[in-house]
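So you can see what is in the structure, the chains are spelled out below.
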Amino acid sequence: MSPIEAKNKIESLTAELKQHNYNYYVLAMPTIADFDFDKKLEELSALEKQFPEFADPDSPTQKVGGDITKDFVTVRHRWPMLSLGNTYNEQELLDFDQRIRKAIGDNFEYVCELKFDGLSMSLTYENGLLVRAVTRGDGVQGDDVTTNVRTIHTIPKKLRSGNYPAEFEIRGEVFMHLKAFERLNNERIDAGEVPYANPRNFASGTIKMQDSSEVARRPLDCFLYFLYTERQIFKTHWESLEAVKSWGFQVNDQSRLCSTIDDVFAFISHWDKARFDLSYDIDGIVIKVNSYAQQQELGFTAKSPRWAIAYKYKAEQVQTELLAVTYQVGRTGAVTPVANLKPVLLAGTTVKRATLHNADEIEKRLMLHEHDWVFVEKGGEIIPKIIAVNLDKRSPGAKPVKYVTHCPVCGTQLIRKEGEAASYCPNDEGCRPQIVGKMQHFISRRAMNIDGLGDETIETLYQHKFISRISDIYELKNHAEDLKKMERFGEKSINNMLDGIEKSKEMPFEKVLFGLGIRYVGETVARKLAVHFKNVDSLASASFDELIAAEEIGERIALSILEYFSDEKHKEEIAKLKAQGLQFVTVEKEVKLASEKLSGQTFIISGTFEKSRDELKDIIEQNGGKILSSISAKLNFVVAGDNMGPSKLEKAQKLNIPIISDEELFKMLE
Ligand code: IVH
């Protein structure tokens, strides 16, 4: 390779890997398989060795990677959080074993552990109490997420009595069980929200939420795997695992002591199959030298310990033929391409379809051609993914697959908004899956939960032109006679349905709001909006700034709400539903003031607390206080939780507004 080629390649790889680090650590939305990332990192590292003059001092080969999120307080790690070297085959593991033998001789043991696929967490305990939980961040400093971590039941907030040091740090992996992942991700799909690709991303997205009551709703779990103390109190890693177990920590019981590398290989090959029976994802095995003295002797490289390594399993892959690409139109109009595959067995199930995500995936990343042979992989993801095309098997005259330009159902030209990957059919008034999907969403169990009315009935009623929008459902009672003339519509079922529809008028505003199917307004967001804005009129007239001042409402959601209410058709529909008697006002629990102690005082609540922010808000209001939506000179107090955003903090300090804790707030009420 010529120097100029090397320079270009180093620059492009550096930029690409930095972006992947950002996607992984900051956005929690990786767009590359670990294996491919490691290969690229290796390639960059080799080039940097050959052409050190072109290496970026800030190269991804020089650090753990990642970044810090601005919403949380940044904490420096007392002991840097390093990553592990990765190996993918036996030879690399034998090399690792040889390096160790060369350095410390043959007299040592390994501890083999499962490599949990979650996010690493550092927990600090003082006098037996959990005082701090910090994410890995960039390895040097991370986000303080203590309040969120406190919601994890298997992490002890207070230790059982035991012989633990007054102060220590323990590290482990926070993860989500597969069952919980599937259940919660389905809820997201129902709400028209973007589903998480795998349990790891879900766990990592959850731990970075501002509202710890929402975190508590999403069950996370944690296995602990490393103890740090100021002075060494144990001789071996194994001994420390036994001890921390007795103090009340959850340690995985699959770990094994191995005295030879063959034992290690046996452990690896056992879990290569058995991992599919676990209730959580693992992506490999971690192998650690057991003795602390020997660990010390081996030391560290800039990025990882020399005494430990990860053996990563390659996700199971098979090859199969692409039969056709079809398109699904969702209730929001989003058009999703699906690869229909020649059925093939993969990780125990028959795969017939794989997601293709969007146009770029088809035309740019895969450059898919008709009847291509493709490699399909199933990792943590439930839906298999096409990893690459086998170019050797492409027939000479094969035509490239072109993403549809028009809606496959109604024929309308699709639109793609700038910066968005997905294409949409804009014909929301005339495109069947959108019209029917919106009504089906409205009546669904988690929205209006209408008894006696199901998805199929909605489809039939639409086909027979009884309904084409939500408000039509409430007019059905005027067509009872015509309904009776239809096949399979008995009098009893019609009455049941009409009763269910009538009864749904009592459903609270938050359910109606969720049922309207505004993009990105899932169940939780709808609840937050209903609490914050109290009625549809103030929500509909809220400005962008007013919207993002509400808890959990970000720019993306705010823009979607503004767009929804700027449409006259939507306003008319809401007016109709109001007239039909649906709830568009939040029914507040009758506020009987508990006291007047906070009367005349104004507050802002920021950060995360033991209680949810809504609870704190209630407490303030019940004692006569008022909540403001932004920091201004009019404000009397900022109630600051664990992870108050730095910009808010700065603003409050500039204006000299007293910053108090939740405990100080409670004292004001005593
Ligand atoms: S030990 C210095 N043990 O894998 C050693 N890590 O690629 C620190 N991980 O950052 C790590 N299971 O997030 C260790 N049994 C285990 C693990 C484990 C998962 C994660 C951890 C770490 C990453 C390294």
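Up top you'll find the structure we're talking about.
Residues numbered from 1 in each chain as written. Predicted model: local features only at pLDDT ≥ 70, side-chain atom pairs only at ≥ 80, totals over all residues. Heavy atoms only, no water.

(A) Structural detail: helix α16 (residues 491-503). For α16, spanning 13 residues, the distance from its first C-alpha to its last is 18 Å, which sits close to the expected 18 Å at 1.5 Å a residue. Burial in α16 covers these residues: I494, M497, L498, G500 and I501. One side of α16 carries all its buried residues, which in axial view fall inside an arc of 160°. Opposite the buried face of α16, by more than 90 degrees, sit the exposed residues K492, D499 and K503. Check the buried side of α16 and you find it contacts α13 (455-463), α14 (470-473) and α15 (480-484). (Helix = DSSP H or I, 4+ residues; strand = E, 2+ residues; numbered from the N terminus. Expected span 1.5 Å × (residues − 1). Buried < 20%, exposed > 50% of the residue type's maximum accessible area, 1.4 Å probe, protein only. Arc of directions from axis to C-beta. Contact = heavy atoms within 4.5 Å.)

(B) Region of interest: the nonpolar core. If you look at the biggest cluster of nonpolar residues, it comprises 70 residues, and the most contacted ones within it are L93, Y110, L123, I285 and I287. Discounting residues that sit within four places of it in the chain, I285 has contacts with C112, E113, L114, K115, F267, I268, W271, I309, A310, Y311 and Y313. V436, F466, A558 and L582 belong to the second-largest nonpolar core, a separate cluster that totals 53 residues. (Core = buried A, V, L, I, M, F, W, Y, C linked by side-chain atoms within 4.5 Å.)

(C) Local environment of the site of the ligand. Around the ligand, the surrounding shell holds 13 residues, and the nearest of these are E113, L114, E173, Y225 and K288. One of the side-chain N or O atoms of K115 is found 3.2 Å from an oxygen atom in the ligand. With respect to the ligand, the backbone of F116 contributes an N or O atom lying 3.1 Å from a nitrogen atom. In isolation the ligand offers 530 Å² of accessible surface; the protein chains occlude 91% of this area. Tallying contributions element by element places strand β3 (residues 110-116) first for the shell around the ligand, with 4 residues. When grouped by side-chain class, the residues that make up the shell around the ligand number 7 nonpolar, 1 polar and 5 charged. (Near = heavy atom within 4 Å. Polar contact = N/O pair within 3.5 Å; in protein donor to acceptor, adjacent residues only side chain to side chain. Areas by Shrake-Rupley, 256 points an atom, 1.4 Å probe, with all protein chains shown as cover. Nonpolar A, V, L, I, M, F, W, Y, C, P; charged D, E, K, R; others polar.)

(D) View of the environment of K179. Looking at where K179 falls in the secondary structure, it is placed in helix α5 (residues 178-190). For the pair formed by K179 and S279, sequence separation is 100 residues and the distance between their alpha carbons is 7.4 Å.

(E) Here's a closer look at unusual backbone geometry. Positive phi outside glycine occurs at N127, with the angle close to 50°. Take N127: it is sitting in the loop between β4 (119-126) and β5 (129-135). For N127, a relative accessible area of 62% puts it in the exposed group. Phi angles above zero are rare outside glycine, and H371 is one such case at about 55°. Within the secondary structure, H371 is located in the loop between α11 (359-365) and β15 (373-378).

(F) Structural view of helix α9 (residues 261-274). Spanning 14 residues, α9 covers 20 Å between terminal C-alpha atoms, matching the ideal 20 Å at 1.5 Å per step. Inspection of α9 places I261, V264, F265, F267, I268, W271 and A274 among the buried residues, and these make up the whole buried set.

(G) Representation of the pairing of strand β12 (residues 316-329) in the model. In terms of strand pairing, β12 meets β15 through 6 bridges, oriented antiparallel. Opposite Q317, over in β15, you have E377 as the bridge partner. Inspection of the sheet shows β12 paired to strand β13 (residues 334-346) by 7 bridges, in the antiparallel sense. Opposite Y327, over in β13, you have P337 as the bridge partner. Between β12 and the antiparallel strand that follows it, β13, lie 4 residues; G333 among them carries a positive phi value of about 90°. (Pairing = 2+ DSSP bridges.)

(H) The packing of helix α12 (residues 432-443) against α13, seen in detail. As a packed pair, α12 and α13 sit with axes 9 Å apart at the nearest point and diverge in direction by 135°. Put simply, α12 runs oblique to α13. As α12 packs across α13, the resulting crossing turns out to be right-handed. Mapping the contact onto sequence places R432, I435, V436, M439, Q440 and I443 in α12 and D455, I458, E459 and Y462 in α13. For the contact of α12 with α13, the residue count by class is 6 nonpolar, 1 polar and 3 charged. (Axes fitted to C-alpha atoms, helices over the stretch in contact; angles between N-to-C directions. Parallel < 35°, antiparallel > 145°, perpendicular 65-115°, else oblique. Left-handed = near helix turned anticlockwise from the far one by under 90°.)

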